[in-house]
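The lines below spell out each chain.
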Amino acid sequence: MKAYLLTAVGVIFLTVIISFIVPEGKLKKSVNFVLRLVSIVMLISPVTKIFSFTPQDTSLTYDFDYVCEVYSQNQSRLLTQKISDELGYDCVCRVDISYDGTKISENGVFVTGNFENVQTVGQITEYLQSLGYINITVNEETD
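Residues numbered from 1 in each chain as written. Predicted model: local features only at pLDDT ≥ 70, side-chain atom pairs only at ≥ 80, totals over all residues. Heavy atoms only, no water.

A. Structural detail: the overall build of the protein chain. Regarding its fold elements, the protein chain presents four helices and three strands. In sequence order, the secondary structure elements of the protein chain are arranged as α-α-α-β-β-α-β. On C-alpha atoms alone, the protein chain measures out to a radius of gyration of 36 Å, which is more than a quarter above the 15 Å that the 2.2 N^0.38 rule sets for 143 residues. Once the C-alpha set of the protein chain is aligned to its principal axes, its extents read approximately 100 × 35 × 20 Å. Out of the 143 residues in the protein chain, the part that is buried amounts to 22%. Here the analysis covers contacts within the protein chain between residues at least 6 apart in sequence; of these, 52% occur between residues at least 24 apart. Counting every atom, the protein chain has about 10,900 Å² of accessible surface; 60% of that belongs to carbon and sulfur. Across the protein chain, the mean location of the 10 positive side-chain charges is 41 Å away from that of the 16 negative side-chain charges. (Helix = DSSP H or I, 4+ residues; strand = E, 2+ residues; numbered from the N terminus. Rg over C-alpha atoms; globule rule 2.2 N^0.38 Å. Buried < 20%, exposed > 50% of the residue type's maximum accessible area, 1.4 Å probe, protein only. Contact = heavy atoms within 4.5 Å. Areas by Shrake-Rupley, 256 points an atom, 1.4 Å probe, with all protein chains shown as cover. Lys, Arg positive; Asp, Glu negative; His and termini not counted. Charge placed at Lys NZ, Arg CZ, Asp CG, Glu CD.)

Rendered as structure tokens:
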């Protein structure tokens, strides 16, 4: 409160001193208007602090297990479609996504399908490596 009163007295004192220094005429009216406006704003500044908004709680919690599961499902579906479209193999892909406390990352890709020969497994593995996947496991379905 003491700082506020000293500031108010200082602004009013400066306003009075400047109004004596400025010569008569249109300039004096303009300067006085600005000085009065500054004085009013400074005097009502504590009132504006009453209406200031501060959020109560900004901490949010996320269910990273759910996020990882949905992300894994979407990536798995898209990868299955991509292999089918580009390589022509019918398979089922499962992209393993996990959260380690700091980041969400891909831990591996599991591909299963009825492959006709061993070269198919190699082609799929090479294709996934070219896309940047790691820990690739390609297995043939057993009936």
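Here the narrative resumes.
B. Spotlight on the environment of Ala8. When you line up the elements, Ala8 lands in helix 1 (residues 2-21). Note on Ala8: relative accessible area 8%, which makes it buried. Between the alpha carbons of Ala8 and Tyr127 there is a distance of 74 Å; along the sequence they are 119 residues apart.

C. Representation of the packing of helix 3 (residues 64-86) against helix 4 (residues 118-130) within the structure. Put simply, helix 3 and helix 4 touch, their axes get as near as 12 Å, and they point 120° apart. Considering their axes alone, helix 3 and helix 4 lie oblique with respect to each other. As helix 3 packs across helix 4, the resulting crossing turns out to be right-handed. Within the contact between the two elements, helix 3 uses Leu79, Lys82, Ile83 and Glu86 and helix 4 uses Ile124, Tyr127 and Leu128. A breakdown of the residues in the contact of helix 3 with helix 4 according to their chemical character gives five nonpolar, no polar and two charged. (Axes fitted to C-alpha atoms, helices over the stretch in contact; angles between N-to-C directions. Parallel < 35°, antiparallel > 145°, perpendicular 65-115°, else oblique. Left-handed = near helix turned anticlockwise from the far one by under 90°. Nonpolar A, V, L, I, M, F, W, Y, C, P; charged D, E, K, R; others polar.)

D. Inspection of helix 1 at higher detail. Between the first and last C-alpha of helix 1 there are 29 Å, a value that for 20 residues agrees with the 28 Å anticipated at 1.5 Å per step. Residues of helix 1 that are buried include every one of Ala8, Val11, Thr15 and Ser19, and no others. Down the axis of helix 1, the buried side of the element spans an arc of 65°, and every buried residue falls inside it. Away from its buried face, by an angle of more than 90 degrees, helix 1 presents the exposed residues Lys2, Ala3, Leu6, Val9, Phe13, Phe20 and Ile21. (Expected span 1.5 Å × (residues − 1). Arc of directions from axis to C-beta.)

E. Seen up close, the nonpolar core. Residues Leu79, Ile83, Val109, Val111, Ile124 and Leu128 are the most contacted members of the largest nonpolar core, which totals 15 residues. Contributions of two or more residues to this core are made by helix 3, strand 1 (92-99), strand 2 (104-113) and helix 4. Ignoring anything within four residues of it in the chain, the contact list for Ile83 reads Gly88, Tyr89, Cys91, Cys93, Ile124, Tyr127 and Leu128. (Core = buried A, V, L, I, M, F, W, Y, C linked by side-chain atoms within 4.5 Å.)

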